[in-house]
Amino acid sequence: MLIVMQSHATEEQIRAVCARIESLGLKAHPIPGSLRTAIGITGNQGSLDLGVLESMSGVVECIPVSKPYKLVSRDAKEEDTVLRIPTPSGDVLVGGKHIALVAGPCAVETEDQCMTVGAQLKATGVRLFRGGAYKPRTSPYSFQGLGEEGLKILAKVRDAYGFGIITEAIDNESLALVEDYADVIQIGARNMQNFSLLKRAGRAKKPVLLKRGMSATLDEFLMAAEYILSEGNYNVMLCERGVRTFSDFSRNTLDLAVVPAVQKRSHLPILVDPSHGTGKRNKVLPLSRAAVAVGANGLLVEVHHDPEKALSDGMQSILPEEFAELTVEVKQVANVLHRIVN
Ligand code: PEP
Ligand code: MN
């Protein structure tokens, strides 16, 4: 259920409607828009008879939301959500016309490695740095990440180059630490349906980047995001990273068609990860161009200064100079679409 407020509804009227919703044992989610505020209601098991709300002052109408997701839906908020990611060098905008580039190694390996890649990436103008301190690996014998030591290295990279930091949390324990050190909390493909982790991310004070599960349908992807918003964290960006198919020439099949499909249904920004989406270095540039052309709100790209020696995902990591070329090309594509790359 969604309560649509009048465009001139006062703060007090909005508060009164929220209080009435809460008094019924439900949760109210005021969602301000440029024209009006809508108030999403969650916590109800079945349909609600909310005639009582419709007669409150400042309310235009109560509309039942038929889709399983409510807060992430365009019914709740018509215009695109634009996230502001605070970084030491000012906010980075993601969503709407704003395309955000994120680059960095798959895993934080050593301080030297991150500082070297960081210095080279800084020169490309990129402002968001990625790198996993906690790595969800298929094999228990593969490099699992440096844990908190890796987060400390990322904090040094932030201080040295002014990047905003995006890094993955794999469980509730690591999420608490990631929340302390990073600017954006990444939830990886393997955890897209880890509902207790999603709820914990929903209570975090930092924006969340939610990657699509490797076999998740569009509804499952949006419902996973709904978990985060329903706990009160509305700063969520989605990320398509390829799904499993019968295709045998790439690690995953990058489902670029999901970008406009998400944007039709949801106001949340959606990024594309061409690195995990293809698994092959030589496919990263063409798929990055395609992702921006199809309307992605950003790219998440794995970059390593010495990919042959990378402890994870070397095959799909590009060199910093290749990333520099990528930024030039995607900016050209973005220009045609009147979008701004930052
Ligand atoms: C990553 O971004 O390094 C990662 C592990 O991605 P995914 O969860 O998409 O596999
Ligand atoms: Mn990786």
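This is a predicted model, so every value here is computed, not measured.

Student: Teacher, can you tell me more about the coordination of the manganese ion (ligand 2) here?
Tutor: Ideal values differ by geometry: the angle at a metal is 109.5 degrees with four tetrahedral donors, but 90 or 180 degrees with six octahedral donors. Donor atoms from the polypeptide that coordinate the manganese ion (ligand 2) comprise Cys106 (SG), His276 (NE2), Glu302 (OE) and Asp313 (OD), at 2.1 to 2.4 Å from the metal. All donor residues of the manganese ion (ligand 2) come from one chain, and their arrangement in sequence is C-x169-H-x25-E-x10-D. Of this pair, cysteine 106 sits in the loop between strand 7 (98-104) and helix 3 (111-122) while histidine 276 is found in helix 9 (residues 274-278), placing the two residues 170 residues apart along the sequence. Taken individually, cysteine 106 and histidine 276 each receive the classification buried, so the pair is uniform in this respect.

Student: Explain the pattern of salt bridges to me, please; I cannot follow it from the model alone.
Tutor: Pairing between side chains of opposite charge can happen when the charged atoms of each approach one another. A complete count under the given rule lists 15 salt bridges for this structure. Of the charged contacts in the structure, one is a salt bridge between arginine 251 and aspartate 313, with a shortest N-O distance of 3.1 Å. Here aspartate 313 lies in the loop between strand 14 (298-302) and helix 11 (320-336) and arginine 251 lies in the loop between strand 12 (236-240) and helix 8 (258-265), a separation of 62 residues in the sequence. A salt bridge links glutamate 329 to arginine 289; the shortest N-O distance between them is 2.5 Å. Separated by 40 residues along the polypeptide, glutamate 329 in helix 11 and arginine 289 in helix 10 (residues 281-294) bring together distant segments of the chain. Beyond isolated ion pairs, a larger network of salt bridges with shared partners links Arg212, Glu240 and Asp255.

Student: How should unusual backbone geometry be read in this particular structure?
Tutor: If a residue is not glycine, its phi is most likely negative; likewise, a peptide bond is most likely trans. Although it is not a glycine, aspartate 313 adopts a positive phi angle of roughly 55°. Even without being a glycine, histidine 338 presents a positive backbone phi close to 55°. Inspection of the secondary structure assignment puts histidine 338 in the loop between helix 11 and strand 15 (340-341).

Student: Is there a simple way to explain the site of ligand 1 in this structure?
Tutor: Within the structure, ligand 1 sits among Cys106, Arg130, Lys135, Glu168, Gln186, Gly188, Ala189, Arg190, Lys211, Arg241, His276 and Glu302. Here an oxygen atom of ligand 1 and a side-chain polar atom of lysine 135 are 2.9 Å apart. For ligand 1, an oxygen atom lies 2.9 Å from a polar atom in the side chain of lysine 211. In the complex, the protein chains occlude 97% of the 300 Å² of accessible area that ligand 1 would expose alone. Here the residues of the shell around ligand 1 are counted per class, giving two nonpolar, three polar and seven charged.

Student: Honestly, the sheet that holds strand 3 (residues 37-42) in this entry has me stumped. Any pointers?
Tutor: Backbone-to-backbone hydrogen bonds join strands into a sheet, with any given pair of strands oriented parallel or antiparallel. Read from one edge of the open sheet, four strands run 2-3-1-4, paired in antiparallel fashion. Two strands bound the open sheet, and with one partner strand each, they are strand 2 (27-32) and strand 4 (59-63). Along the sheet, successive strands turn relative to each other by an average axial angle of 20°, direction set aside. Pairing of strand 1 (residues 2-5) with strand 4, which is carried by four bridges, proceeds in the antiparallel orientation. Paired with leucine 2 across the two strands is isoleucine 63, which belongs to strand 4.

Student: Help me understand helix 4 (residues 148-161), please; the structure alone is not making it clear to me.
Tutor: Turn by turn, an α-helix covers 3.6 residues, leaving residues three or four places apart pointing in a common direction. Between its first and last C-alpha, helix 4 extends 20 Å over 14 residues, near the 20 Å set by a 1.5 Å rise per residue. Among all positions of helix 4, only Gly150, Leu151, Ile153, Leu154, Ala155, Val157, Arg158 and Tyr161 are buried. Phi turns positive, to about 75°, at glycine 162, one or two residues after helix 4.

Student: Explanation requested: the confidence of the model for the protein in the structure shown.
Tutor: Detail in the predicted coordinates should be disregarded across regions flagged by low pLDDT. Across the protein, the average pLDDT comes to 96, with 100% of residues at 70 or higher. No element of the protein has a lower mean pLDDT than helix 2 (residues 51-54), at 86, and none a higher one than strand 13 (residues 270-272), at 99.

Student: Would you mind showing me how to read the environment of glutamate 302 here?
Tutor: Among the secondary structure elements, glutamate 302 is positioned in strand 14. What makes glutamate 302 buried here is its relative accessible area of 0%. For the pair glutamate 302 and proline 320, spaced 18 residues apart in sequence, the C-alpha separation works out to 9.6 Å. Filtering out sequence-adjacent residues up to four positions away, glutamate 302 remains in contact with Gly104, Cys106, Arg130, Ser275, His276, Asp313, Gln316, Ser317 and Ile318.

What counts, and where the lines are drawn
Residues numbered from 1 in each chain as written. Chains lettered and ligands numbered in written order. Predicted model: local features only at pLDDT ≥ 70, side-chain atom pairs only at ≥ 80, totals over all residues. Heavy atoms only, no water. Donors = N, O, S within 2.8 Å, 3.2 Å for Na, K, Ca; no water. Helix = DSSP H or I, 4+ residues; strand = E, 2+ residues; numbered from the N terminus. Buried < 20%, exposed > 50% of the residue type's maximum accessible area, 1.4 Å probe, protein only. Salt bridge = Lys/Arg side-chain N within 4 Å of Asp/Glu carboxyl O. Near = heavy atom within 4 Å. Polar contact = N/O pair within 3.5 Å; in protein donor to acceptor, adjacent residues only side chain to side chain. Areas by Shrake-Rupley, 256 points an atom, 1.4 Å probe, with all protein chains shown as cover. Nonpolar A, V, L, I, M, F, W, Y, C, P; charged D, E, K, R; others polar. Pairing = 2+ DSSP bridges. Axes fitted to C-alpha atoms, helices over the stretch in contact; angles between N-to-C directions. Expected span 1.5 Å × (residues − 1). pLDDT = per-residue confidence, 0-100. Contact = heavy atoms within 4.5 Å.

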